[in-house]
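# Descriptive analysis of the structure
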Amino acid sequence: MKILLPKAVSAAWRRELKQAGQREIGGVLLGEALGGDEFRVLEASLQRDGGSPARFVRDPEHHGKAIRGFHERTGHDYRRFNYLGEWHSHPSFPTRPSQDDICAMRDILADGRVGATFACLLILRHRPFRRLDIGASVFTPDGGISPIVVKRER
Ligand SMILES: [Zn+2]
């Protein structure tokens, strides 16, 4: 799987991660299917609260609202515009999914209300004077986890 990441989205992440300091922040990834296994992130919602230095706890209400709003803005064209997955920051750890992260992704895939056949997880880490670190993987309902290629757009 390949994910295209617009500059506007990664620039907003850099700003927010810097501001959040040692606190984890996160949200949902909303995007467009480009055909085959290519997707573009169009929006990333932002939940600033609920995170500690070692943990991000997603607020299902925030996420449900973000997903519903996106579907309204994109005319309920679910085949083309849909939920892609989750993102959060790891200010103090490498951008690999933790055991908690893996459990959270499995819960999301098991949740019939989300109805996702896959869910991506982007983990971000801000480093001063460097490009944003991004660890990306895709989770499937059979328990699989595979790496994703992230292409940063200009
Ligand atoms: Zn994490």
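Our structure's up above, just so we're on the same page.
A brief look at the structure comes next. (Residues numbered from 1 in each chain as written. Predicted model: local features only at pLDDT ≥ 70, side-chain atom pairs only at ≥ 80, totals over all residues.)

Right, let's talk about the overall build of the chain for a bit. Check the secondary structure of the chain and you find three helices and 10 strands. Mapped from its N terminus to its C terminus, the chain presents α and β elements in the order β-α-β-β-β-β-α-β-α-β-β-β-β. Scaling as 2.2 N^0.38, a compact globule of 154 residues should have a C-alpha radius of gyration of about 15 Å, and the chain matches this with 14 Å. Its C-alpha atoms give the chain principal-axis dimensions of roughly 40 × 35 × 30 Å. Across the 154 residues of the chain, 29% fall into the buried class. In the chain, the share of contacts with a sequence separation of at least 24, taken over all contacts with a separation of at least 6, comes to 65%. (Helix = DSSP H or I, 4+ residues; strand = E, 2+ residues; numbered from the N terminus. Rg over C-alpha atoms; globule rule 2.2 N^0.38 Å. Buried ≥ 20, exposed ≤ 12 C-beta atoms within 10 Å, placed from the backbone. Contact = placed C-beta atoms within 7 Å.)

Here the focus is helix H1 (residues 7-20). Note on helix geometry: an α-helix contains 3.6 residues per turn, so any two residues three or four positions apart are oriented the same way. Counted at 1.5 Å a residue, the expected span for H1 with its 14 residues is 20 Å, and the 20 Å between its end C-alpha atoms agrees. Residues of H1 that are buried include every one of Val9, Trp13 and Leu17, and no others. Projected onto a plane normal to the axis of H1, the buried residues spread over an arc of 65° and lie on a single side. The exposed residues of H1 that point more than 90 degrees off its buried face are Lys7, Ala11, Arg15, Lys18 and Gln19. (Expected span 1.5 Å × (residues − 1). Arc of directions from axis to C-beta.)

Looking now at the nonpolar core. One finds Leu29, Cys120 and Leu122 to be the most contacted residues of the largest nonpolar core, which totals 28 residues. Those elements giving two or more residues to this core turn out to be strand E1 (2-5), H1, strand E2 (26-35), strand E3 (38-44), strand E6 (81-89), helix H3 (99-110), strand E7 (119-125) and strand E8 (133-139). The leading source of residues in this core is E7, at six residues. (Core = buried A, V, L, I, M, F, W, Y, C linked by C-beta atoms within 7 Å.)

A separate point is the pairing of E7. Here E7 lies mainly inside the structure; six of its seven residues are buried. Relative to E7, E6 is paired through five bridges, and the arrangement is parallel. Within E7, the position partnered with Trp87 by the bridge is Leu122. Relative to E8, E7 runs antiparallel, the two being bridged by seven bridges. What sits directly across from Leu122, in E8, is Ala136. (Pairing = 2+ DSSP bridges.)

Attention now moves to the sheet that holds strand E9 (residues 145-147). Spatially, the eight strands line up as an open sheet ordered E9-E8-E7-E6-E2-E3-E1-E10, and their pairing is mixed. Every other strand in the sheet has two partners, leaving E9 and strand E10 (149-152) as the edge strands with one partner each. Geometrically, the sheet is characterised by an average inter-axis angle of 35° between neighbouring strands, direction not taken into account. Its contacts with the sheet put helix H2 (residues 60-73) on E2, E3 and E6, and the angle it makes with E2 is roughly 30°. Sheet strands touched by H3: E7 and E8. Its angle to E7, the strand with the most contacts, is close to 150°. (Axes fitted to C-alpha atoms, helices over the stretch in contact; angles between N-to-C directions.)

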